[in-house]
Amino acid sequence: MTPLGKSLIASAAIAIVVAGTLMLRPRPAPVAHAQLTPSQLAEVQPPKADPKPPPPAASVQTSSSNPVDGEPDDPEFEDGSGS
C-alpha cells in the first residue's frame, strides 16, 4: 500500500469519527424561562411618575471656586511635569 493510500484511509477514518460524533450528540433542550411572582413583579416595575414637577433650584452657582489663572488652591500641588 502506498503512502497516499494510507493517508486517504486515515483521513476517511477521522472524517467518519467526526461525523459520527456530530450525529450522536444530544440536542439542546428548550430553555424554560423563570416566572416572576406578583411581589417580585411589583419590585421590578418602576415607580409611578409624580404628577407635580419638582420645584426649581433656589440658586445656581455659576462661578468656580478656583482662580481664573489656573493655579491650584494647594501651593504644593505637583502637576507631574517634574519641576
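If you're wondering where the values come from, they're calculated on a predicted model, not measured in any experiment. (Residues numbered from 1 in each chain as written. Predicted model: local features only at pLDDT ≥ 70, side-chain atom pairs only at ≥ 80, totals over all residues. Heavy atoms only, no water.)

On a plain count of helices and strands, the protein comes out with two helices and zero strands. When the 83 residues of the protein are sorted by exposure, 0% land in the buried category. Within the structure as shown, the protein displays about 8600 Å² of accessible surface, and the carbon and sulfur contribution to it stands at 63%. (Helix = DSSP H or I, 4+ residues; strand = E, 2+ residues; numbered from the N terminus. Buried < 20%, exposed > 50% of the residue type's maximum accessible area, 1.4 Å probe, protein only. Areas by Shrake-Rupley, 256 points an atom, 1.4 Å probe, with all protein chains shown as cover.)

This part is about a negative patch on the surface. Together, Asp73, Asp74, Glu76, Glu78 and Asp79 make up a region of like negative charge exposed at the surface. For aspartate 79, the position within the fold is in the segment after α2 (38–44). Accessibility expressed as a relative area gives 58% for aspartate 79, which makes it exposed. (Patch = residues over 30% accessible without salt bridge, like charges linked within 9 Å, V, L, I, M, F, W, Y side chains within 5 Å. Salt bridge = Lys/Arg side-chain N within 4 Å of Asp/Glu carboxyl O. Lys, Arg positive; Asp, Glu negative; His and termini not counted. Charge placed at Lys NZ, Arg CZ, Asp CG, Glu CD.)

Our next topic: a nonpolar patch on the surface. There is a patch of nonpolar side chains on the surface, built from Ile14, Val18 and Leu22 and spanning about 280 Å² of accessible area. Relative accessible area serves as the criterion here: at 48%, leucine 22 is assigned to the partly exposed category.

Functional significance is not addressed by these values, which are geometric in nature.
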